[in-house]
Structures are given as structure tokens and as C-alpha cells.
Amino acid sequence: MADMLTPGIAAGRLGEDEIARNFADLHPALDPHEAAVAADRCYFCYDAPCVTACPTEIDIPMFIRQIQSGRPEEAGKTIFDQNILGGMCARVCPTEDLCEGACVREKAEGKPVEIGRLQRYATDSVMARQGHPYDRAPSTGKRVAVVGAGPAGLSCAHRLAMRGHDVTLFDAKEKPGGLNEFGIAAYKSTGDFAADEVTWLMQIGGIELKPRHTLGRDITVEGLKSQFDAVFVGVGLAGVNALEAEGADRDGVQDAVGFIAALRQADDMTSLPVGRNVVVIGGGMTAVDAAVQSKLLGAENVTIAYRRSQDRMGASEYEQQLATSKGVRIVCNAQPVAIHGNGAAVEIELEYTADDGTGLKGTGETMRLPADQVFKAIGQTFTLDAGLELERGKIKVTGAGRTSLDGVWAGGDCTAGDDLTVVGVADGRDAAEDIHATLMNQPAATTGAEIGEAARA
Amino acid sequence: MADLTTDFVGIKSPNPFWLASAPPTDKEYNVRRAFEAGWGGVVWKTLGAEGPPVVNVNGPRYGVIYGGDRRVLGINNIELITDRPLEVNLEEMARVKADWPDRALIASIMVPCEEAAWKSILPRVAETGADGIELNFGCPHGMAERGMGSAVGQVPEYIEMVTRWCKTYYDKPVIVKLTPNITDIRKPAQAAKNGGADAVSLINTINSITSVNLDTMSPEPMIDGKGTHGGYCGPAVKPIAMNMVAEIARDPGTHGLPISGIGGISTWRDAAEFMALGCGSVQVCTAAMTYGFRIVEEMKAGLSAWMDEKGHATIDDVVGRAVPNVTDWQYLNLNYITKARIDQNACISCGRCFAACEDTSHQAIAMSPDRKFTVIDEECVACNLCVDVCPVENCISMVELQPGEVDPRTGKTVPGEYANWTTHPNNPAATAAE
């Protein structure tokens, strides 16, 4: 039996009970009284900043008022009208950077309304019911291919199905869900929520799922274009940036995304091996997810090494605090230069950096940290050549996800914008409305809240 | 240190905080606990006539209105007067008074509107050593159906008649407790005074239905599917009670008649407000029923500290201080002109002032694309709604325009002198200003 001090990479550092406690829901569900108290704090702001801050523009004050008045299911419907993956977004959105960061009570007293947890309360209420809250419009006879069953693709497929189109949903993997299924820290999406949510969403009907279909290998954009009336590409970012450091090919050097996916798919987390000394390279959410979960699996020392200064970290302040509260050390202005070892990694050598205004440079001074496992979390890239024009390495889109090819739309992480579930959902939804309008030759429906437009004009 | 001792129509108590006649004062056990906790006085739960006592319902007696976090804003009740034998109550009262001579103990009484009934009970109450009596002409539920409680309080002639009987057959102070379920509170107060009452106390509870169960379609509190109106009290009724108190305090016919204030008093501040409007003592029920007897500590400490701050040495220094400032609408100064001002540093940009003003008032607040809210002086009538709905205290305030300044709304210069509706040119009945 391994423990925290077992050298190298080992499974079973912690017992089953401790693992279960460590990976319990980060933000447990509110009970009805807690929800009532939390909801009561909402001021029902005019043209509320939280709505503006939400990429899917959920009418947050309205759904909270519906919770206040004892109608959590109607509150859930208000959310789903804008964001069909509102359940997952309630769990994984960096609310501190979005709705809750914009909440006037954050400004007033540093304690925003708990919008994320209230959203979970409302969406859970709806999803706990039998059946699905949306009906399909009469069939249009149009067929649309959606490539990628992640947040963007699922959102797009649902909205298209709702508008009466028949959707074929392709995904490269065995299971749908994309990063909701494979890419989020386990303590943010407990149980089998991602899979349950997809099942619930698919209940609308009219969506045929085709797993194990990889774009560029089993299907092509051109091919889909000829078989379908429209195509939506939401394939995410498949490539992982390479680590430019000596010894980056040593055993123990891994992609963080693979580690996170393995955690989510594991039936028994005690079987997952983790290093005694773990170093995560990067400064974003993926870095935090990998570091925190390494610690929760029983690693003795976990360090996040980020090459720039702390204020440049992609992970929010909340995420950074979460990491440090779990015992993760964050080292900034340090870039990897070498991974030392004898076959397997034993040590990482980091060089301090400084930015004198002319760009980030190594100072020449280095330090060494014990590292038997090194996770690379230095960004993902779009690698697919699908015949679509690119811009800054991602699929170029204009308007509601229109690509350079007529009849082909795209959204989510493979297009510009923040790589967040909620942004993918917005992209997919808006592209679906544009596809619908184009196919039916009618103006596109507005999807955002328009509470304050008149006043601001 | 302010002196909180109270002499209310000769009834002395160490502080002005009394527990009102209600469930908390139903028996010796509770009253002893109340005195131990520091209450200055107690009005014992209303006594009925000799004979088999009344019975109460055996299901819920109370209904409630909540604010956020189940904060109790108002309770209604359908409980009747004491359901214990008269003799038992009298014995207990005598024992408690003997043990607590410095505290006020007042007997609340409700017997049929017949001279014999009052003549019979009053000597027995006197024997207990109680400091005075309070005539329950207020309870609006149950007993009113039997011609008592508010059924008496709604007929000034009866009030005067019964009060006179009491002054005839009882030689200690007689306080008449008034019902608010009436259109003009000055009439029953005047009747009590005419009958020789030493004081009035108000308000008793307000006829109410607190909620309707939408599954069973029955009002709450519900008894076997049915409900009846109960008496409403608690913080929610305070504004109604204070107006009634003030009306009595400032009416020439009743001005100076001692008042014991009741109605949603929960903190020292509530008490101070009632006292400023003319109450020489205050009575508390709902707050004690919600939080227990210990709240009196906060009330005493708070009132004392506030009096020290303001330089009020005694309770008498406070009582009635605000009464001269309660007036009729027609005498309000129409040359007093204010404008809302928003403190941009305090503003949290919620926009509630904007929504309220834009949708329901005078379109006098502008909103910029970056959510800055500013007052449009040309439109602002100074209604105060923005101040009321703003969640940030002191963020929006009303600033007075000085004489000589121009009101951008009317284009007129603010006059320095007082002028009211009675002399306003738009008033057909105006008397020419001299």
C-alpha cells in the first residue's frame, strides 16, 4: 500500500474514504431554505450587470425572483431558454469572473449573490423531473450536421432540433459531452452529471448521435456539406502545445488534459497513479485542475510553475485560492528549462523570468524542484485542416459563427473567444438560430436579454 | 445615565417596557420569567367573567408574514382571552405582585357590556394589588362575535359607558385599550376620556387573513379546512399604530391624554419613536413571542444610550417631543423644495432608482451606458421613491434648494418664506395672503 511519501508515481496514496471526501462536490447543492435566503439577497437590478456579464445572457434577476417566489422549475426554464447546458454552467462557470464578479453586491460588500449555486438549484429542480421541458417545432425537413458533441455542439444541436430540423451529431470520442465529460475537475461535476445532462438534452428528440466519427479522418466538412443542408463545426482544440525544455520526453512528463480526462473516467480513483512530487507547468484553469487533483489524490508536494507574473495567470483569483487552500504552491516568473532524471523525471529545473517592458526574459538564475511527475498545461491548439479559413490559429468566423465556407458554421473553443463552456453554449445557440434563419429564409431570432437596450440607446 | 423609571398615570415601573396583554402574560410562570428578564411591567392576559372559562381552538392559533430569511414581520392570532379560571389568575396575580412590588402589574379585563358584570369583577381585581386595569375593547376576533372586545371598541358610546362604570367601581388607574378596526381613532379615544379614563393604550390587533393555502383553498391559520380573521400585530403594523397614536396626541380634544403605545415595537428605536409621538409607556408582544424575553436588555440599553446622546435625562423629556411636528397636509410648506442627489462613490449601480423612477414616477433619473445614474433636476419632483428603493443607505439623499436658487423643474426662484395650500392660488378656498 502506497502513501503520500511513496517515491515516484504510485496509485493508492490515499484510502477510499479520503479520496471520496476529497472529490466531493466543491459547491454542494443548496437546500430550499438556503436557496430562499440566497435568492433574497438579489436586488433585481435594472439591466443587471450579471446578465451583461453572462455570455449566454441568462435573465438572472428574473430566475432568482422565480426562486424567491417558490417556483424553482420556472426559474430553471428561464435559464434553459438561454442556456440549455445551464446545469453544467452552474457547476463549472468561473462565476467570479462572470455573473458574480459583476454582481453589485460584490461591489458593495465583497459578497455577490450566489448566482452559480442558485442556478444549480433551479436547473436541478427541472432535471429532477421526468421528461424534457422543450418541444420540437413541426419538422422543417432540413438536415444539419453538427460536428463535436461538446458544449457548443450540444447547444447548437438542441436549438436546431427545437426549431424542427433533424440533426446528426458527430463526435470523435466514444462518449458525448466533450470537455464537460473529459475536461473538468471531478469535484466540479460529481456523479455522472455530464452524461446525465447529455441524456436529458437529447430527450428533445431529432438528434442522432454518431460517436467515433473524427473530422478529417471519418468525415470531412466538404462531404458533410454535400449531404446536409448545413454544417456546424464545434470540435474544440485537439492539439496540446509542446514543452520546449530539455528532457521533455522523459517518463513522467504528461499532458494535463489527459490526466484530467483519466480522473473523470476513472471508476476507482485510488487506482490512479500520481507522483509524490508533482510540478504543473502553466497558469490557466487546466493547470489548477491538474494541480489540485494531484494533491487530492495524495501527492505530497504539488507546485504550479507559471512563467509570467501572478496577475497574468489565466486561472481566476478564486481558482488560485482554491489551489493554495488545498496545499498547492504557486511559483510565478519561473519557466522550465530542463527536466532531469535517469530515464524518468526526477527533478525540474526552472529559470526565473522578468519582464522589463520589452518582453519576458530569463534572468539566468535557476532553481531545481523534485519532480517525478510533470504536467504540461500550457495551452491547446487547433490542429485540424478542415478547409476553413483560420485567424490566429482558430477557425475564422463572422457574425453568428459563419465560416469562410457557405453553409458551414463554427463555434466553441475552435473559434475565437474565451475557452469556456458557457461561451461554447452561446456560440452553438446563436449559430443554430442563424442556421435556422438561413435555411428558412427568415430573420434570425434575438437570443440575448434586451432589458436595458432602450434605456442605454 | 438616563433615568428610565416611568410613572405612567401613577403606575410606576423601572422602565417603560411592558409586556402587552397577550399569550406571553397568560400565567404566573411566564410573568415571573419576564420580570426576572427585566421587563418594567406586564399587562396580564385578559380576564373574563366568573364561571366556566372560554375555550380556544385546538389547532393553529397563529398565522405569519415573513420577510427574507423567515424574519417575522407580522403575526395574526385567533386566540381568545384567558382560558383559565378567573380565580386561578387572580391568585397568581396577587402572588406575583407581592413578590415584585417595583414592577407594574396591570389587569386586562373583558366582561360583557353590563354594569353588573363590571361591578362584580372589579373589586376582585383590586384585591390582587394590581396597579391598574386595562379595558380590552380591542380584540377583533372571537370575542367580538359575542359582543365584547372590538365590538365595544367600535361604539364610542359603549366605551364611555363602561369606562365610567370602571371609574365608579375601581379606584386605581383605568386604561382603555383601543381597537384600530375603526375609521377615526380619535372618536373612541375621546369617548374614553369622556368616560374618565386615565389613559388609552393602542393599538390592539388588526383584522386580518395572513395567507391562503392554495392547495386546500383555506385561509391561514386553518382549522379543519376553515379559517377566520385574526388579529394582526408585529413590525408590519407599526406605521398604522404610530399614526393612530399621533392622531390622538395632537387632536385638541384628546391632547395630553396619556397613551401607552402598542404595535410592532421590537427595538429601543421603535419604542423611542412611539414615545416621541406621545406614549408614556410602551407595550411589546410580537417581538417577545419571536425572540423571547431577553430582548428587553437591548431595549433598555439602547434607549438609555440614545437618551444620553441626546441629553434627555428622563422619560418625560422624550414623551411627545415629535407631536408638534405632526400636522395636516394643508399646512406643509410648499416652498420647501428638495432634489434627489446620488452619491456616486456610494452607488453600486444596481439601477433600482432608475427602474422605479422611469417606470413608475417622473423619469427624473438618467442612466449612462456605463451605468452611472444621475438625477435630472428638470424632472425631479423630490418624491423620495429613489431614496426608498435604493439598497445602499445614504447613497441617495434629498438636498434642499436654498431660497434664491432656481428650481430647474419649474423655472421659479425658491422663495424664502413658508407658504402652504391654504394660501395657494390654485386652492379655490384659499384665503388671500396678508
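All figures in this text were calculated on a predicted structure; none of them were measured in a lab.

A. Summary view of the overall build of chain A. Along chain A, the regular secondary structure elements total 18 helices and 19 strands. Its C-alpha atoms give chain A a radius of gyration of 23 Å, within 12% of the compact-globule value 23 Å for 457 residues. On the principal axes, the C-alpha backbone points of chain A span a range of 65 × 55 × 50 Å. Looking at chain A residue by residue over its 457 residues, the buried ones come to 51%. Taking as baseline every contact in chain A between residues at least 6 positions apart, the subset at least 24 positions apart corresponds to 71%.

B. Spatial organisation of the interface of chain B and chain A. Contacts between the two partners involve 14 residues from chain B, matched on the other side by 12 residues from chain A. By residue number, the principal contributor to the side of chain B that touches chain A is helix 12 (residues 352-360) of chain B, which donates 3 residues. Broken down by class, the residue content of the side of chain B that touches chain A amounts to 8 nonpolar, 3 polar and 3 charged.

C. Highlighting the UniProt feature "domain: FAD/NAD(P)-binding" (unreviewed entry) in chain A. Within this numbering scheme, the UniProt entry marks residues 143-426 of chain A as carrying the feature "domain: FAD/NAD(P)-binding" (unreviewed entry). Measuring from the first to the last C-alpha atom of residues 143-426 of chain A gives 21 Å, for a span that is 25% helix and 29% strand.

D. Region of the structure containing the UniProt feature "domain: Dihydroprymidine dehydrogenase" (unreviewed entry) in chain A. The positions UniProt marks with the feature "domain: Dihydroprymidine dehydrogenase" (unreviewed entry) are residues 21-129 of chain A. Across residues 21-129 of chain A, the secondary structure splits into 61% helix and 0% strand, with the terminal C-alpha atoms separated by 28 Å.

E. Quick peek at the domain arrangement of chain B. The domain boundaries assigned to chain B delineate domain 1 (6-325) and domain 2 (329-423). Between domain 1 of chain B and domain 2 of chain B, the C-alpha centre-to-centre distance is 40 Å.

F. Representation of the domain arrangement of chain A. Here chain A is partitioned into domain 1 (9-17 + 241-379), domain 2 (32-127) and domain 3 (143-238 + 382-440). Summarising the inter-unit geometry, the C-alpha centres of domain 1 of chain A and domain 2 of chain A are found 33 Å apart.

G. Highlighting the packing of helix 8 (residues 268-276) of chain B against helix 10 (residues 295-310) of chain B. Residue and element names in this part refer to chain B. Following both chains from N to C, one finds helix 8 and helix 10 inclined at 55°, their axes separated by 8 Å at the closest point. Of the possible angle classes, the one that applies to helix 8 and helix 10 is oblique. The handedness of the crossing between helix 8 and helix 10 comes out as right-handed. Of helix 10, the residues touching helix 8 (which contributes Trp 268, Arg 269, Ala 271 and Ala 272) are Glu 298, Met 299, Gly 302, Leu 303 and Trp 306. Across the contact of helix 8 with helix 10, the residue classes break down as 6 nonpolar, 1 polar and 2 charged.

H. Expanded view of the sheet that holds strand 10 (residues 301-305) of chain A. Residues and elements named next belong to chain A. Taken in spatial order, the 5 strands line up as 7-15-9-10-11 in an open sheet, and their pairing is parallel. The open sheet is flanked by strand 7 (253-255) and strand 11 (329-331), the only strands paired with a single partner. Going across the sheet, the axis of each strand differs from the next one's by a mean of 25°, ignoring polarity. Set on the sheet, helix 14 (residues 256-265) makes contact with strand 7, strand 9 (277-281) and strand 15 (373-376); between it and strand 7 the angle comes to about 70°. Helix-sheet contacts for helix 15 (residues 285-297) involve strand 9, strand 10 and strand 15, and the interaxial angle to strand 10 is about 170°.

I. The sheet that holds strand 16 (residues 279-284) of chain B, seen in detail. Residues and elements named next belong to chain B. Strand order in the closed barrel formed by 8 strands is 3-4-7-8-9-10-15-16, with parallel pairing between adjacent strands. Recorded for the sheet is a direction-independent mean angle of 25° between the axes of neighbouring strands. Relative to strand 8 (residues 132-136), strand 7 (residues 104-109) is paired through 4 bridges, and the arrangement is parallel. Directly across from Ser 108, in strand 8, lies its bridge partner Glu 134.

J. Expanded view of the packing of helix 1 (residues 28-37) of chain B against helix 2 (residues 86-99) of chain B. All names here are of chain B. Where helix 1 contacts helix 2, the axes come no closer than 10 Å and their chain directions differ by 20°. Overall, the two elements helix 1 and helix 2 adopt an arrangement that is roughly parallel. Once helix 1 is placed against helix 2, the crossing between them reads as right-handed. Residues Glu 28, Val 31 and Arg 32 of helix 1 form the contact with helix 2, whose own contacting residues are Glu 92, Arg 95 and Val 96. Looking at side-chain class alone, the contact of helix 1 with helix 2 contains 2 nonpolar, no polar and 4 charged residues.

K. Representation of the environment of B:Val245 in the model. All names here are of chain B. Structurally, the position occupied by Val 245 is in helix 7 (residues 238-250). Val 245 sits in the buried class, given 31 other C-beta atoms within 10 Å. For the pair Val 245 and Ala 189, spaced 56 residues apart in sequence, the C-alpha separation works out to 9.9 Å. Once residues lying within four places of it in the same chain are set aside, the contact partners of Val 245 are Leu 202, Ile 259, Gly 261, Phe 274, Leu 277, Gly 278 and Cys 279.

L. Representation of the pairing of strand 12 (residues 334-342) of chain A. Residue and element names in this part refer to chain A. The pairing of strand 12 with strand 13 (residues 344-355) spans 8 bridges and is classified as antiparallel. Bridge assignment links Ile 339 to a residue of strand 13, and that residue is Ile 348. The antiparallel hairpin formed by strand 12 and strand 13 contains 1 residue in its connecting segment, where Gly 343 sits at a positive phi of about 90°.

M. Region of the structure containing the confidence of the model for chain A. Summing up the model confidence of chain A, the mean pLDDT is 94 and the portion of residues at 70 or higher is 98%. Every residue in residues 451-457 of chain A is under pLDDT 50, and counting partners more than four places away or in other chains gives 9 contacts.

N. Representation of the confidence of the model for chain B within the structure. Chain-level pLDDT for chain B is 96 on average; 99% of the residues reach the 70-or-more range. Two summary scores accompany this predicted model of the complex, namely pTM at 0.91 and ipTM at 0.88.

O. The arrangement of helix 14 of chain A in detail. The set of residues buried in helix 14 of chain A consists of A:Ala256, A:Val257, A:Phe259, A:Ile260, A:Leu263 and A:Arg264. All buried residues of helix 14 of chain A fall inside an arc of 160° around its axis, so they share one side.

Procedures and definitions
- Residues numbered from 1 in each chain as written.
- Chains lettered and ligands numbered in written order.
- Predicted model: local features only at pLDDT ≥ 70, side-chain atom pairs only at ≥ 80, totals over all residues.
- Helix = DSSP H or I, 4+ residues; strand = E, 2+ residues; numbered from the N terminus.
- Rg over C-alpha atoms; globule rule 2.2 N^0.38 Å.
- Buried ≥ 20, exposed ≤ 12 C-beta atoms within 10 Å, placed from the backbone.
- Contact = placed C-beta atoms within 7 Å.
- Nonpolar A, V, L, I, M, F, W, Y, C, P; charged D, E, K, R; others polar.
- UniProt positions renumbered as here; feature names shortened; annotations may be inferred.
- Domains from an automatic or database assignment.
- Axes fitted to C-alpha atoms, helices over the stretch in contact; angles between N-to-C directions.
- Parallel < 35°, antiparallel > 145°, perpendicular 65-115°, else oblique.
- Left-handed = near helix turned anticlockwise from the far one by under 90°.
- Pairing = 2+ DSSP bridges.
- pLDDT = per-residue confidence, 0-100.
- Arc of directions from axis to C-beta.

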